[in-house]
Amino acid sequence: MKHYTCMFAAMLAVGCISSERQQENSDQQEIQATSQAVLATIEKKDVKGFRALVGVPLDQIGQTEVTLTRKFERICDVYAEYIKGERPPVYVTDSVSTFNKRVVFVPIYSGKGLKGTVGQVRLMLLFGPKTHYKYDKISDIALQIFNHNTNDLPLPDSELPAP
């Protein structure tokens, strides 16, 4: 009898883990689909379509209709400047923000250059928290631009000015 009890407990544990994995895969698929929809609105510069994908009251993310529209237009401009050709990949992370929102990154540009030039540009999409907002809409969006802190491509000695 003890043997059957142990087997039942083990099967129950495996079933619970399997169910959690299925839920996680479902969440990731929904986040991927929503992220792709956001990128499509950016490519089309469709502010109304984008606004429909924002699932939180704007005052909760410190925005108004005007500031969200300005932010979206800035994102569209930067996206169009750096993305030529195919859509960048979407990276769904296991990270969460301060307010327990799921973090997704979309790399827009990564390059080497001189100190002070743009080194990396990425879009950060936030989802959830799932207890309050479904993953079929975003909770927030941010454009992150990082400049080079050092000269990653030093000039050859021959090109340096003489003292």
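Here the structure is shown first, and the text comes after it.
Residues numbered from 1 in each chain as written. Predicted model: local features only at pLDDT ≥ 70, side-chain atom pairs only at ≥ 80, totals over all residues. Heavy atoms only, no water.

1. Section: the sheet that holds strand β2 (residues 102-110)
Spatially, four strands are ordered β1-β2-β3-β4 in an open sheet, and the strand pairing comes out antiparallel. Bordering the open sheet on either side are β1 (91-96) and β4 (140-147), each of which pairs with just one other strand. Across this sheet, the average inter-strand angle for adjacent strands is 30 degrees, counted without regard to direction. Summarising the sheet, strand β3 (residues 118-127) and β4 pair through eight bridges and their orientation is antiparallel. Note that in β4 the partner of L125 across the bridge is I141. In the packing of helix α3 (residues 65-82) onto the sheet, the strands contacted are β2, β3 and β4, and the crossing angle to β4 comes to about 50 degrees. (Pairing = 2+ DSSP bridges. Helix = DSSP H or I, 4+ residues; strand = E, 2+ residues; numbered from the N terminus. Axes fitted to C-alpha atoms, helices over the stretch in contact; angles between N-to-C directions. Contact = heavy atoms within 4.5 Å.)

2. Examining the pattern of salt bridges
The tally for this structure, following the rule as stated, stands at five salt bridges. Of the charged contacts, one joins E65 and R51 as a salt bridge, the two residues approaching to 3.0 Å between their closest N and O atoms. Here R51 lies in helix α2 (residues 47-52) and E65 lies in helix α3, a separation of 14 residues in the sequence. In this structure E65 comes out as partly exposed when scored by relative accessible area, which is 44%. What makes R51 partly exposed here is its relative accessible area of 25%. (Salt bridge = Lys/Arg side-chain N within 4 Å of Asp/Glu carboxyl O. Buried < 20%, exposed > 50% of the residue type's maximum accessible area, 1.4 Å probe, protein only.)

3. Observations concerning the nonpolar core
Counting residues in hydrophobic clusters, the biggest one holds 30 residues, and the most contacted among them are V38, I42, F50, L123, L125 and I141. Sorting the residues of this core by element identifies α1 (2-44), α3, β2 and β3 as the ones contributing at least two each. The element best represented in this core is α3, accounting for six residues. Contacts of F50, omitting those with residues within four sequence positions, involve V38, T41, L68, F72, I138 and I141. (Core = buried A, V, L, I, M, F, W, Y, C linked by side-chain atoms within 4.5 Å.)

4. Describing the side chain of D27
In this fold, D27 is placed in helix α1. Given a relative accessible area of 7%, D27 falls into the buried group. Apart from residues lying up to four places away in sequence, D27 is in contact with K130 and Y135.

5. Focus on the side chain of T93
In this fold, T93 is placed in strand β1. On the basis of relative accessibility, which here comes to 16%, the residue T93 falls in the buried class. When neighbours within four sequence positions are excluded, T93 is seen to be in contact with R102, V103 and F105.

6. Section: the packing of aromatic side chains
All told, the structure shown has three aromatic pairs when counted by the stated rule. Taken together, a centroid distance of 4.7 Å and an interplanar angle of 35 degrees make the contact between Y82 and Y109 tilted. Here the residue Y82 occupies a position in helix α3, and Y109 occupies one in strand β2, the gap between them amounting to 27 residues. Judged by its relative accessible area of 27%, Y109 is partly exposed. The cationic tip of R122 hangs over the ring face of F105; the distance from NZ or CZ to the ring centre is 4.2 Å. (Phe/Tyr/Trp six-rings, centres within 6.5 Å; stacked < 30°, edge-to-face > 60°. Lys NZ or Arg CZ within 6 Å of the ring centre and 35° of its normal.)

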